[in-house]
Amino acid sequence: MSAASNSLLSHTLSQSLIKPRRLSQSPISLSLSVPRFLSLQSNQRFSSIAFCSLDGLNNTNQDIPIEKQYPAFPAVIDINQIREILPHRFPFLFVDRVIEYNPGVSAVAIKNVTINDNFFPGHFPERPIMPGVLMVEAMAQVGGLVMLQPEVGGSRENFFFAGIDKVRFRKPVIAGDTLVMRMTLVKLQKRFGIAKMEGKAYVGGEVVCEGEFLMATGSG
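All of these numbers come straight from a predicted model, not from anything done at the bench. (Residues numbered from 1 in each chain as written. Predicted model: local features only at pLDDT ≥ 70, side-chain atom pairs only at ≥ 80, totals over all residues. Heavy atoms only, no water.)

Side note on the sheet that holds strand β4 (residues 178-189)
For step 1, the next point in the chain: Ordered by their spatial adjacency, six strands build an open sheet running β1-β2-β4-β5-β6-β3, and the pairing between neighbours is antiparallel. Here the strands that pair on one side only, and so sit at the sheet edges, are β1 (97-102) and β3 (159-169). The sheet shows a mean angle of 20° between the axes of neighbouring strands, taken without regard to direction.
For step 2, the next point in the chain: Looking at chain direction, β3 and strand β6 (residues 206-217) are connected through eight bridges and run antiparallel. Opposite I164, over in β6, you have F213 as the bridge partner. (Pairing = 2+ DSSP bridges. Helix = DSSP H or I, 4+ residues; strand = E, 2+ residues; numbered from the N terminus. Axes fitted to C-alpha atoms, helices over the stretch in contact; angles between N-to-C directions.)

Some points on the nonpolar core
For step 1, the next point in the chain: L179 and M215 are the most contacted members of the largest nonpolar core, which has 41 residues in total.
For step 2, the next point in the chain: Looking at this core, the elements that each hand over two or more residues are α3 (79-85), β1, β2 (106-112), α4 (132-147), β3, β4, β5 (194-203) and β6.
For step 3, the next point in the chain: Sorting elements by how many residues they give to this core places α4 first, with 10 residues.
For step 4, the next point in the chain: Those residues in contact with L179, other than ones at most four positions away along the chain, are A109, I110, K111, V113, M130, M135, V173, A201, Y202, V203 and V208. (Core = buried A, V, L, I, M, F, W, Y, C linked by side-chain atoms within 4.5 Å. Buried < 20%, exposed > 50% of the residue type's maximum accessible area, 1.4 Å probe, protein only. Contact = heavy atoms within 4.5 Å.)

Considerations on unusual backbone geometry
For step 1, the next point in the chain: Here F90 and P91 are connected by a cis peptide whose omega angle stands at 5°.
For step 2, the next point in the chain: Here P91 is to be found in the loop between α3 and β1.
For step 3, the next point in the chain: Residue K166 is not a glycine yet carries a positive backbone phi of 55°.
For step 4, the next point in the chain: Looking at the secondary structure, you find K166 in strand β3.

Examining the side chain of E137
For step 1, the next point in the chain: In this structure, E137 sits in helix α4.
For step 2, the next point in the chain: The buried charged residue E137 lacks any salt bridge partner; its closest oppositely charged side chain belongs to R89, at an N-O distance of 11 Å.
For step 3, the next point in the chain: Look past the residues within four positions of E137 in its chain and what remains in contact with it is H88, F92, F94 and F161. (Lys, Arg positive; Asp, Glu negative; His and termini not counted. Salt bridge = Lys/Arg side-chain N within 4 Å of Asp/Glu carboxyl O.)

With respect to the side chain of E212
For step 1, the next point in the chain: Take E212: it is sitting in strand β6.
For step 2, the next point in the chain: Ignoring anything within four residues of it in the chain, the contact list for E212 reads G163, I164, D165, K166, K196, M197 and E198.

Re the pattern of salt bridges
For step 1, the next point in the chain: Going through the model one piece at a time under the given rule, you end up with six salt bridges.
For step 2, the next point in the chain: Across the pair K166 and E212 runs a salt bridge whose closest N-O atoms are separated by 3.7 Å. Residue K166 is found in strand β3, and its partner E212 is found in strand β6; the two are separated by 46 residues along the sequence.
For step 3, the next point in the chain: Owing to a relative accessible area of 54%, K166 belongs among the exposed residues under this scheme.
For step 4, the next point in the chain: Salt-bridge contacts for R170 lead to E210; the nearest nitrogen and oxygen are separated by 2.7 Å. Of this pair, R170 sits in the loop between β3 and β4 while E210 sits in strand β6, and the two are 40 residues apart along the sequence.

Here's the deal with the pairing of β5
For step 1, the next point in the chain: The side-chain alternation of β5 yields one buried face, formed by A195, M197, G199, A201 and V203, and one unburied face, formed by I194, K196, E198, K200 and Y202.
For step 2, the next point in the chain: Relative to β5, β4 runs antiparallel, the two sharing nine bridges. Counterpart to T184 in the pairing with β5 is E198.
For step 3, the next point in the chain: In textbook terms, the turn of a hairpin is the stretch between consecutive antiparallel strands, and for β4 and β5 this stretch comprises four residues, one of which, G193, has a positive phi near 70°.
For step 4, the next point in the chain: When β5 meets β6, the two strands line up antiparallel, connected through 10 bridges. Bridge pairing in β6 places E198 opposite E212.
For step 5, the next point in the chain: Hairpin geometry of β5 and β6 is characterised by an intervening segment of two residues between the two adjacent antiparallel strands and by a positive phi of about 60° at G204.

Observations regarding the packing of aromatic side chains
For step 1, the next point in the chain: Evaluated as defined, the whole model comprises four aromatic pairs.
For step 2, the next point in the chain: Taking 5.9 Å as the distance between ring centres and 25° as the angle between the ring planes, the aromatic pair formed by F161 and F213 counts as stacked. Note that F161 is positioned in strand β3 and F213 in strand β6, a separation of 52 residues in sequence.
For step 3, the next point in the chain: When its relative accessible area of 36% is taken as the criterion, F161 is described as partly exposed.
For step 4, the next point in the chain: Clustering of aromatic rings is evident, with ring pairs tying together F92, F94, F119 and F120. (Phe/Tyr/Trp six-rings, centres within 6.5 Å; stacked < 30°, edge-to-face > 60°.)

In structure tokens form, the structure reads like this:
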């Protein structure tokens, strides 16, 4: 090939790389005048983008009203059964429903935090936040649901919340939140009537409170 031919080919190639043709109006196709090895790479890239775009259009959740997209929490132990187990009553019963229960091991329960809770007028009038000590109390009550069962041998007549350790409050809990609490029995010494539990409370999947709990059974 002559030098003139080589010069013409180089000029044509450089022009094709610098000056792409106008893009097509179609949202899923692009036309560029580039060398073949670059053209194939570009087509693969833009094809994947177009595919993702089509996936978004076919999202079936868009056809379902938001009020039908979220199922209710299961009721493994309902409020009536909770009242049969725990001695607490209004305004100090902070467990609405148990959604998971492993006998003698753990329980997961919820507390629906509403503006009608009687502690909000004082904590605080302008910014309703659930007091941290009441979050701890709610978690201890979930622990009581584990302890006051035949598998553990506790009794509501001689069951006490004995102590807490390493408690941390990560985020505020406000009116409208659903507090999801998991309590797990770590160690049980029936001879001494002492149990150690670990607890975590969540809102929207994020930890808002956690700590270690000491429960005691014995004469008051």
